[in-house]
Amino acid sequence: MTHGTKRAAETYDAVESHEGLIRWSRAYCTRAVAAHGLDVMLGPVCWEVSTRAKRRAAAVKTPTIENASVGRAIDWSARANGVGESTPPECTMSLSWRAFESFDREEWSATLRHELVHVEQFQAFGATDHGPAFKRRAEAVDAPVRVRRFAEPKYILSCEVCGADAAYRYRECKLVRESSAYRSACCEAPLHCRKRQE
């Protein structure tokens, strides 16, 4: 896929810059909110592109709202105490450039719908998760509950008895360094760590 600067009406395949990706994604989200009946205000959504993300295709970054939980609606006007807006606080849609380069238009659009469900939950409840309510809503808007990985993990941890993969890691950590101290769920045997060949 080639990427570079184009006008706001650029096609998916013509997106070549971070600004272009944000423009295309924002325009798609505007259409998706209307088409799928998502209760989302895009005004308080900020946009950014990450070049570092290796596992997540996109993410919605939200401020922590005290005592918020999915399923318990928040009256933002009551929380404003007459001092501020009665709209939800800003959240940020963080888009991974690497995922965009790896996904076709259909998969990227589905990823954006997944993130819009997070925005919808945050704006309604002040919190978001991947629980049962998220799963039902994601299904209703034809979005995956989990977005596929677009990068291969650097380390693979497997059961020393049956060889089944038990975990994956993208960087060195305690589990990677001390893998034999951990047990597999399948056979309760020590884990073996191997580094993926590049």
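In this report, we go over the structure that sits alongside the text. (Residues numbered from 1 in each chain as written. Predicted model: local features only at pLDDT ≥ 70, side-chain atom pairs only at ≥ 80, totals over all residues. Heavy atoms only, no water.)

**Side note on the overall build of the protein chain**
The line we're drawing: Helix and strand definitions here come from DSSP, where helices need a minimum of 4 consecutive H or I residues and strands a minimum of 2 consecutive E residues; each element is numbered from the N-terminal end. For every residue, the accessible area (1.4 Å probe, protein chains only) is compared with the maximum for its type, and the residue is labelled buried under 20%, exposed over 50%, or partly exposed between those bounds. The contact definition used throughout considers only heavy atoms, calling two residues in contact when any of these lie within 4.5 Å. Surface accessibility in these figures is a Shrake-Rupley result with a 1.4 Å probe; residues are shielded only by whichever protein chains are displayed. When charges are counted, Lys and Arg are positive and Asp and Glu negative, with His and the chain ends excluded. Working definition for charges: the position is that of NZ of Lys, CZ of Arg, CG of Asp or CD of Glu.
The helix and strand tally for the protein chain stands at 6 helices and 6 strands. Counted from the first residue to the last, the protein chain has its helices and strands arranged as α-β-β-α-β-α-α-α-β-β-α-β. Based on the C-alpha atoms only, the size of the protein chain along its principal axes is roughly 60 × 45 × 30 Å. The burial tally for the protein chain puts 41% of its 198 residues in the buried class. Expressed as a percentage of contacts within the protein chain between residues at least 6 apart in sequence, the contacts between residues at least 24 apart total 64%. For the protein chain, the accessible area works out to roughly 11300 Å², and carbon and sulfur atoms hold 46% of it. Here the protein chain contributes 30 positively and 26 negatively charged side chains, and the mean placements of these two sets differ by 4 Å.

**Structural notes on the pattern of salt bridges**
To keep things clear, this is the line we draw: Salt bridges, as used here, are contacts in which a Lys or Arg side-chain nitrogen is within 4 Å of a carboxyl oxygen on Asp or Glu.
Enumeration according to the criterion identifies 5 salt bridges in this entry. One salt bridge in this structure joins Glu48 and Lys61, with 2.6 Å as the shortest N-O distance. With Glu48 in strand E1 (residues 45–50) and Lys61 in strand E2 (residues 58–61), the pair connects residues that are 13 residues apart, well separated along the chain. Of the residues examined, Lys61 reaches a relative accessible area of 40% and is grouped as partly exposed.

**Quick word on the sheet that holds E1**
Selection criterion: Pairing between two strands is assigned when DSSP locates at least 2 bridges connecting them. Between N-to-C directions, angles span 0 to 180 degrees; the directions come from axes that are lines fitted to C-alpha atoms, helices contributing only their stretch in contact.
Read across the open sheet, the 3 strands follow the order E1-E3-E2; overall the sheet is mixed. Two strands close off the open sheet at either side, each with one partner strand: E1 and E2. On average, adjacent strands in this sheet sit at an angle of 20° to one another, irrespective of strand direction. Note that E1 and strand E3 (residues 91–96) share 6 bridges and pair parallel. Counted as the bridge partner of Val45 is Cys91 from E3.

**Observations concerning the environment of Cys91**
Within the secondary structure, Cys91 sits in strand E3. Put simply, Cys91 and Pro44 are 47 residues apart on the chain and 6.6 Å apart in space, counted from C-alpha to C-alpha. Excluding residues within four positions of it along the chain, Cys91 makes contact with Pro44, Val45, Cys46, Val60, Lys61, Thr62, Val119 and Phe122.

**Regarding the sheet that holds strand E5 (residues 165–169)**
With antiparallel pairing, the 3 strands of this open sheet are ordered in space as E5-E4-E6. Every interior strand has two partners, whereas the edge strands, E5 and strand E6 (191–195), have only one. Between one strand axis and the next, the sheet turns by 25° as a mean value, whatever way the strands run. Note: strand E4 (residues 155–159) against E5, 4 bridges, orientation antiparallel. What sits directly across from Ile156, in E5, is Tyr168.

**Quick look at unusual backbone geometry**
Phi is positive for Asn67, which is not a glycine, with a value near 60°. Summarising the element assignment, Asn67 is placed in the loop between E2 and helix H2 (76–80).

**As for the packing of aromatic side chains**
Selection criterion: Any two rings among Phe, Tyr and Trp, with Trp reduced to its six-membered ring, count as a pair given centres within 6.5 Å; such a pair is stacked if its planes are under 30 degrees apart, edge-to-face if over 60, and tilted if neither.
Scanning the entire structure with this criterion turns up 7 aromatic pairs. Arranged with centres 6.2 Å apart and planes meeting at 50°, the rings of Trp76 and Phe122 form a pair that is tilted. With a gap of 46 residues between them, Trp76 in helix H2 and Phe122 in helix H4 (residues 105–125) connect regions that are remote in the sequence. In this structure Trp76 comes out as buried when scored by relative accessible area, which is 10%. The exposure class of Phe122 is buried, given its relative accessible area of 0%.

**Some words on the layout of surface pockets**
Counted only if it meets this: The pocket and cavity definitions rest on a 1 Å grid over protein atoms only: a 1.4 Å probe that fits but cannot leave marks a cavity, an open set with protein on both sides within 12 Å along at least five of seven lines marks a pocket, and residues lining either have an atom within 4 Å of a point. Grid points are joined across faces, edges and corners, and a volume is the space filled by probe spheres set on the points. Amino acids outside the nonpolar list (Ala, Val, Leu, Ile, Met, Phe, Trp, Tyr, Cys, Pro) and the charged list (Asp, Glu, Lys, Arg) are all regarded as polar, and Gly is one of them.
Of the pockets and cavities examined, the largest pocket occupies roughly 260 Å³. What lines the largest pocket is a set of 16 residues, and nearest its centre among them are Arg56, Ala58, His114, Glu115 and His130. Listed by contribution, the elements that provide at least two residues to the lining of the largest pocket are E2 and H4. Partitioned by chemical class, the residues of the lining of the largest pocket number 6 nonpolar, 4 polar and 6 charged.

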